[in-house]
Every structure is written in C-alpha cells, then in structure tokens.
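# Structural overview for review
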Amino acid sequence: MNLTQEEWVSQMEADENAVLLDVRTEDECDQGIIEGSINIDIHKGQEFVDAIAALDKSKNYYVYCRSGMRSAKACEIMNELGIDNAYNLLGGIIEWEGDIV
C-alpha cells in the first residue's frame with residue numbers, strides 16, 4: 001500500500017508494531033538512513049526473499065528506498081510471502097523531509 005510521507009509518518013508513529021525497512025544497497029545506506037531502520041537490500045535476489053520470509057509476519061512494515069520504486073516492489077514481494085501490512089513510502093528518501101542519520 002502506497003502512502004504519502006505525511007500518511008506514512010503519522011501511521012508509523014501511532015503504530016506500536018512498526019518496523020522501518022530500508023531496501024536500498026549498503027552503499028546507499030552509508031549515505032544516511034531514517035533512524036531505526038533495518039536494511040535488507042532488494043538487489044540481493046534470493047537472499048532478499050529469504051530475509052523477508054524470516055521476518056515476523058505479525059509486524060507492520062514501513063518500507064522505503066531511494067525513490068519509492070524498489071520499495072513498492074518490496075511491498076508486493078512481502079505481500080506474496082504472507083506479510084499483510086507493508087507500507088511503501090511514496091517518493092522515497094530523496095523526498096524525505098525528516099531526519100536522516
């Protein structure tokens with residue numbers, strides 16, 4: 001499910017079950033992440049699928065990448081693997097107005 005930054009942030013802040021997921025490459029993450037994110041690189045193919053499959057399916061995942069394209073694909077894969085609550089950040093980190101660490 002695609003959410004604007006405002007929707008994504010307000011829903012995540014109110015969500016006690018929230019997990020922040022960054023699906024960019026390690027090099028991209030080295031340039032800064034949204035605080036509290038875990039990184040699983042979508043470009044790693046089967047390794048990515050295996051890591052997603054191992055996640056707690058009862059959690060709600062707030063997913064982002066650079067522009068919102070890879071994270072949208074990641075949300076689709078997550079849904080296919082039984083994670084019902086995966087929320088894509090439209091515009092990705094390049095349009096992010098919050099803090100980056």
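Right, let's walk through the structure included here. If you're wondering where the values come from, they're calculated on a predicted model, not measured in any experiment.

### Remarks on the environment of Glu28
- Along the chain, the position of Glu28 falls in helix α2 (residues 26–30).
- The spatial distance from the C-alpha of Glu28 to the C-alpha of Asp56 is 25 Å, given a sequence separation of 28 residues.

### What to know about the pattern of salt bridges
- Within the structure shown, the criterion is met by 3 salt bridges.
- In this structure, Glu28 and Arg70 form a salt bridge, with 2.9 Å as the shortest nitrogen-oxygen distance. Within this pair, whereas Glu28 is found in helix α2, its partner Arg70 is found in helix α4 (residues 69–80), the two being separated by 42 residues in sequence.
- Judged by its relative accessible area of 18%, Arg70 is buried.
- With a closest N to O distance of 3.7 Å, Lys73 and Glu76 form a salt bridge. Here the residue Lys73 and the residue Glu76 both occupy positions in helix α4, the gap between them amounting to 3 residues, near one helical turn.
- Classification of Lys73 by relative accessible area gives partly exposed; the value is 43%.

Rules and cut-offs
Residues numbered from 1 in each chain as written. Predicted model: local features only at pLDDT ≥ 70, side-chain atom pairs only at ≥ 80, totals over all residues. Heavy atoms only, no water. Helix = DSSP H or I, 4+ residues; strand = E, 2+ residues; numbered from the N terminus. Salt bridge = Lys/Arg side-chain N within 4 Å of Asp/Glu carboxyl O. Buried < 20%, exposed > 50% of the residue type's maximum accessible area, 1.4 Å probe, protein only.

Read these as spatial facts, not as claims about activity.
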